[in-house]
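# Remarks on the overall topology
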Amino acid sequence: MTTTPTPASLPTTAPSGDLRTLSLLLAAEAVLAHLHPRAPLRVERVALGETPGVTYALAADPQALALNRGLREEVALVGLARSAMARLLGLAVGAGEGPACRDPRALLTATLTDPEELEVLDAQLTVLEARARALLRRSWAEVEVVAAGLREHGELDAREVAHRVACAQGIRGTLLN
């Protein structure tokens, strides 16, 4: 009597599309924050679980943002990371918007004092989002590695994000040289 082996059912470990997308959106914000080492952009943790989001060690000080244009633009650029990543992924408008603790439009509106700058706020946000997309394209490997870590562990602290970014940069450096 011959028996034919039946294939064992393997558990599927492939992440769902929504989990992958959410992990990429969160990883994009965490990576851009890591690439801009300023005090209000220090990542404390990134979570994918019940309350997904990026937690920062310090709140952005409106007075410091009003006095320092570079800092203001970097904080807004990182705040636009999710929408920039959503656009890169070809998602619908507004798909990258979620429970962000730092709304770039609100930050810029609160800190801009010159009426002429307020008039061109939409254009400035467009330019900052384009810069965010360019940075994300250059840092695609870092975003993918951080997103994979998020899907695997559900939460990463600042040290783990930094480690994954450094590993991705090291691998890219080795492969390109």
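Everything below is about the structure shown above.
Note that the structure is predicted; figures quoted are calculated from it, not measured.

The rules we used
- Residues numbered from 1 in each chain as written.
- Predicted model: local features only at pLDDT ≥ 70, side-chain atom pairs only at ≥ 80, totals over all residues.
- Heavy atoms only, no water.
- Helix = DSSP H or I, 4+ residues; strand = E, 2+ residues; numbered from the N terminus.
- Contact = heavy atoms within 4.5 Å.
- Axes fitted to C-alpha atoms, helices over the stretch in contact; angles between N-to-C directions.
- Parallel < 35°, antiparallel > 145°, perpendicular 65-115°, else oblique.
- Left-handed = near helix turned anticlockwise from the far one by under 90°.
- Expected span 1.5 Å × (residues − 1).
- Buried < 20%, exposed > 50% of the residue type's maximum accessible area, 1.4 Å probe, protein only.
- Arc of directions from axis to C-beta.
- Polar contact = N/O pair within 3.5 Å; in protein donor to acceptor, adjacent residues only side chain to side chain.

Next up on the list: the environment of L125. Tracing the backbone shows L125 in helix α7 (residues 121-138). For the pair formed by L125 and P104, sequence separation is 21 residues and the distance between their alpha carbons is 7.9 Å. Apart from residues lying up to four places away in sequence, L125 is in contact with L80, P104, R105 and L108.

Further remarks concern the packing of helix α4 (residues 81-88) against α7. Two elements in contact, α4 and α7, have axes whose closest approach is 9 Å; the angle formed by their N-to-C orientations is 65°. Considering the angle they form, α4 stands roughly perpendicular to α7. Our pair here, α4 against α7, has a crossing hand that is right-handed. Packed against α4, whose contacting residues are A81, S83, A84, M85, R87 and L88, the element α7 presents E129, A132, R133, L136 and R137 at the interface.

Here we take up helix α9 (residues 158-176). Here α9 spans 27 Å end to end across 19 residues, near enough to the 27 Å set by a 1.5 Å rise per residue. Among the residues of α9, those classed as buried are V161, R164, V165 and A168. For α9, the angular spread of the buried residues around the axis is 100°, confining them to a single face. In α9, the exposed positions that point more than 90 degrees away from the buried face belong to R159 and T174. Of the residues that open α9, the one with a side-chain oxygen 3.2 Å from the backbone nitrogen of R159 is D157.

Glancing now at the side chain of E142. Relative to the elements of secondary structure, E142 occurs in helix α8 (residues 140-153). Once residues within four sequence positions are removed from consideration, E142 is found in contact with V31, V165, A168, Q169 and R172.

This part covers helix α5 (residues 104-111). Every buried residue belonging to α5 is among P104, L107, L108 and T111, and all of these are buried. Here the buried residues of α5 occupy an arc of 90° about the axis, which is enough to place them on one side. As for α5, its buried residues are in contact with α2 (62-67), α3 (69-79) and α7.

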